Amino acid sequence: MDFPPLVSLMRKLALEAGDKIMEVYAAPDFDVRAKSDASPVTEADEAADAIISAGLRAAYPDVTLITEEQADSHALRATTFLIVDPLDGTKEFVQRRGDFTVNIAYVENGVPVLGVVYAPAKGRLFYTRADGQAVEETGRFLKDRAGPAREIRVSTPDNQALMVVASKSHRDAATDAYIGKYGVRDMTSAGSSLKFCLVATGEADLYPRLGRTMEWDTAAGDAVLRGAGGQVVYFDTHASLTYGKPGWDNPFFIAYAPGVTLRK
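Cut-offs used in this document
Residues numbered from 1 in each chain as written. Predicted model: local features only at pLDDT ≥ 70, side-chain atom pairs only at ≥ 80, totals over all residues. Heavy atoms only, no water. Buried < 20%, exposed > 50% of the residue type's maximum accessible area, 1.4 Å probe, protein only. Helix = DSSP H or I, 4+ residues; strand = E, 2+ residues; numbered from the N terminus. Pairing = 2+ DSSP bridges. Salt bridge = Lys/Arg side-chain N within 4 Å of Asp/Glu carboxyl O. Expected span 1.5 Å × (residues − 1). Arc of directions from axis to C-beta.

## Some remarks on the pairing of strand S16 (residues 253-256)
Okay, so step 1: The side-chain alternation of S16 yields two buried faces, one formed by Phe 253 and Ala 255 and the other by Ile 254 and Tyr 256.
Okay, so step 2: Direction of pairing for strand S12 (residues 206-209) relative to S16: antiparallel, over a ladder of 4 bridges. Following the sheet pairing, Tyr 207 is matched in S16 by Ala 255.
Okay, so step 3: Pairing analysis gives 4 bridges linking strand S14 (residues 231-234) to S16, with the strands arranged antiparallel. Across the sheet, residue Val 233 finds its bridge partner in S16, namely Ile 254.

## Section: the pattern of salt bridges
Okay, so step 1: According to the stated counting rule, one finds 14 salt bridges in the structure shown.
Okay, so step 2: Salt-bridge contacts for Glu 16 lead to Lys 12; the nearest nitrogen and oxygen are separated by 2.8 Å. Taken together, the positions of Glu 16 and Lys 12, both in helix H1 (residues 3-26) and 4 residues apart, correspond to about one turn of that helix.
Okay, so step 3: Its relative accessible area of 24% is what places Glu 16 among the partly exposed residues.
Okay, so step 4: Owing to a relative accessible area of 31%, Lys 12 belongs among the partly exposed residues under this scheme.
Okay, so step 5: Asp 222 is the partner of Arg 226 in a salt bridge, and the nearest nitrogen-oxygen pair spans 2.5 Å. Of this pair, Arg 226 and Asp 222 both sit in helix H6 (residues 215-227), 4 residues apart, which is roughly one turn of the helix.
Okay, so step 6: Accessibility expressed as a relative area gives 0% for Asp 222, which makes it buried.
Okay, so step 7: Where salt bridges share partners, they join Arg 124, Glu 136, Arg 150 and Glu 203 into one cluster.

## A few points about helix H2 (residues 43-59)
Okay, so step 1: The end-to-end C-alpha distance of H2, which contains 17 residues, comes to 25 Å, matching closely the 24 Å that a straight helix rising 1.5 Å per residue would cover.
Okay, so step 2: What H2 keeps buried is the set Ala 44, Asp 45, Ala 48, Asp 49, Ile 52, Ser 53, Gly 55 and Leu 56. In an axial view of H2, the angular spread of the buried residues amounts to 165°, which keeps them on one side of the axis.

Have a look at this one:
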């Protein structure tokens, strides 16, 4: 795989999808339906998925593509693949809270090596360069070329005063009990894959997730965090989270800046 053109395409498609999402977001009303798993889906999810899928399939027809909005792809099996969540944080989108993202990732041999996370309502764009370094781009987000970007790096954490980020829509007593095992300076909440990006930029030190997620929810943010020097590990074993699992679902995990002393 030639990484530079793939990074460029993933970035461009994320921006194009973000434009379409914001068109729907700005409308006075939009339809919200329930999928078979009772999770919400909107026309923005489907329109963004169409843009991203068409672009990736045209450029990489021989690479397996897994996308949340195409149930047929969920039956596929692969260890090297492209994986997409065209609108991560649909609940945040529906409630007009802004914490939603476009996620596109490339996984190679079970490891997310490239990722783009775009939060169009917040004007934040994170991605991994072809060399694997994670950056946050600033500026006007032109589609035909990347703008100025700063390399991002995880914090050097103080285990007596950690900044913790947790899910905005999926917070529960088990998560609070686990966080209580740490010395916490402050906590923040965020929706979608932005939580990975807050750890990647050093705005947070620790993000534990004690709940079900799917690989398309996490792969892009995981890639960005790894590219910033962070880690994402299984909750029970603390081994690196792997991708291409049967059913595409994740067990509990912890995303963190190395230097955090993980608790069991």
